[in-house]
Amino acid sequence: DSGVTQTPKHLITATGQRVTLRCSPRSGDLSVYWYQQSLDQGLQFLIQYYNGEERAKGNILERFSAQQFPDLHSELNLSSLELGDSALYFCASSVEDNRNQPQHFGDGTRLSIL
Amino acid sequence: AQSVAQPEDQVNVAEGNPLTVKCTYSVSGNPYLFWYVQYPNRGLQFLLKYITGDNLVKGSYGFEAEFNKSQTSFHLKKPSALVSDSALYFCAVRDFYGGATNKLIFGTGTLLAVQP
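Draft legend 1. The arrangement of the state of the cysteines in detail. Residue and element names in this part refer to chain A. Going through the model one piece at a time under the given rule, you end up with two disulfides over all chains. At a sulfur-sulfur separation of 1.8 Å, the disulfide partner of C23 is C91. Torsion about the S-S bond of the C23 and C91 cystine: about -55°, corresponding to left-handed handedness. One end of the pair, C23, is in strand β3 (residues 19-24); the other, C91, is in strand β9 (residues 87-94), with 68 residues separating them in the sequence. With respect to class, C23 is no different from C91; both count as buried.

Draft legend 2. Local environment of the pattern of salt bridges. Residue and element names in this part refer to chain A. Scanning the entire structure with this criterion turns up seven salt bridges over all chains. For D85, the salt bridge is made with R63, and the minimal N-O distance between the two is 2.8 Å. Here R63 lies in the loop between β6 (53-57) and β7 (64-68) and D85 lies in the loop between β8 (74-78) and β9, a separation of 22 residues in the sequence. No difference in accessibility class separates D85 from R63, as the two residues are buried.

Draft legend 3. Examining the environment of C91 of chain A more closely. Residue and element names in this part refer to chain A. You can call C91 buried: its relative accessible area is 0%. Through-space distance from the C-alpha of C91 to that of A14 is 23 Å; in sequence the pair is 77 residues apart. Those residues in contact with C91 that lie beyond four places of it in its chain are V4, Q6, C23, V32, Y33, W34, H104, F105 and G106.

Draft legend 4. Layout of the interface of chain A and chain B. At the junction of the two partners, chain A supplies 23 residues and chain B supplies 22 residues. Of the roughly 1,900 Å² buried between chain A and chain B on both sides combined, carbon and sulfur atoms contribute 51%. At the boundary of chain A and chain B, one finds one salt bridge. R42 of chain B is the salt-bridge partner of D107 of chain A, the closest N and O atoms lying 3.2 Å from each other. There are five residue pairs in polar contact (both at pLDDT 80 or more) connecting chain A and chain B. Secondary structure elements with two or more residues in the side of chain A that touches chain B: β4 (31-38), β5 (42-50), β6 and β9 of chain A.

Draft legend 5. Spatial organisation of the pairing of β6 of chain A. Residues and elements named next belong to chain A. Relative to β6, β5 runs antiparallel, the two being bridged by four bridges. Bridge pairing links I47 to K57 in β6. Between β5 and β6, which pair antiparallel and follow one another directly, the connecting turn spans two residues, one of which, N51, has a positive phi of 50°.

Draft legend 6. Quick look at the environment of L81 of chain A. Residue and element names in this part refer to chain A. Position of L81 among the secondary structure elements: in the loop between β8 and β9. Separated by 60 residues in sequence, L81 and L21 place their C-alpha atoms 13 Å apart. Not counting residues up to four positions away in its chain, the partners in contact with L81 are T13, A14, T15, G16, Q17, R18, V19, R63, L111 and I113.

Draft legend 7. Representation of unusual backbone geometry within the structure. Residue P8 of chain A is bonded to the preceding T7 of chain A through a cis peptide linkage, with omega at -10°. The topology assignment puts P8 of chain A in the loop between β1 (5-7) and β2 (10-13). Of note in this structure, Y61 of chain B is not a glycine but carries a positive phi near 60°. Positive phi outside glycine occurs at T72 of chain B, with the angle close to 45°. Tracing the backbone shows T72 of chain B in the loop between β8 (64-68) and β9 (73-78). The partly exposed category is assigned to T72 of chain B, whose relative accessible area is 32%.

Draft legend 8. Representation of the sheet that holds β1 of chain A within the structure. Residues and elements named next belong to chain A. Reading across the sheet, the four strands line up as β1-β3-β8-β7 and stay open at both edges, with antiparallel pairing between neighbours. The two strands at the open ends of the sheet, each matched to only one other strand, are β1 and β7. Neighbour to neighbour, the strand axes of the sheet diverge by 15° on average, direction disregarded. Sheet topology note: the β1/β3 ladder contains three bridges and is antiparallel. Directly across from Q6, in β3, lies its bridge partner C23.

How each quantity is defined
Residues numbered from 1 in each chain as written. Chains lettered and ligands numbered in written order. Predicted model: local features only at pLDDT ≥ 70, side-chain atom pairs only at ≥ 80, totals over all residues. Heavy atoms only, no water. Disulfide = S-S within 2.5 Å. Helix = DSSP H or I, 4+ residues; strand = E, 2+ residues; numbered from the N terminus. Buried < 20%, exposed > 50% of the residue type's maximum accessible area, 1.4 Å probe, protein only. Salt bridge = Lys/Arg side-chain N within 4 Å of Asp/Glu carboxyl O. Contact = heavy atoms within 4.5 Å. Buried area = accessible area lost by both parts, 1.4 Å probe. Polar contact = N/O pair within 3.5 Å; in protein donor to acceptor, adjacent residues only side chain to side chain. Pairing = 2+ DSSP bridges. Axes fitted to C-alpha atoms, helices over the stretch in contact; angles between N-to-C directions.

Coordinates in, geometry out; function isn't part of it.
Shown next as structure tokens:
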């Protein structure tokens, strides 16, 4: 058990809808990272937050947004969903924004768009 | 831009035999390299990292990796494979996004299949 909790585990919805994925980092971790894993794109970094502030952005669509709350949990919001958004979405956390620290991953949220 | 390549989609090995999963990297500056393993329907688990120091890095579950600067490689190895090692393995490199982040760039993954 990595200590990173993601909910829900599975999400099935329709095109055009909006969903929110939730992540609770390991106790004491200040950095939260979101990744998308799909068959065609592989594992892609989306966005990082550190202690409530956005730190880095990757290949994140404008329809997607995220935030990190004062209690350090994070939410990833996906809107105007398209079939191509079907993927596994992972959250990871690390102790701080430090290059030497490994990231610890949750088990992911599997999003299926019908 | 930082990148890693995993040239093999799948590696097959018999139980008890040594295994190697290959990774090459392309970075500007010093590389910060990681190996992760993913079991079905699970998240990625950290195995080991190379930051600096000894070229042979030891990690979890008996895995080790050899850093080779001249060949820009970071191959994952294990002396004796177990059936339970069968999983998807990812090599990753830290991306120097203005030096202010720890975000990772992942390879495409290598499926390791260990036959009994």
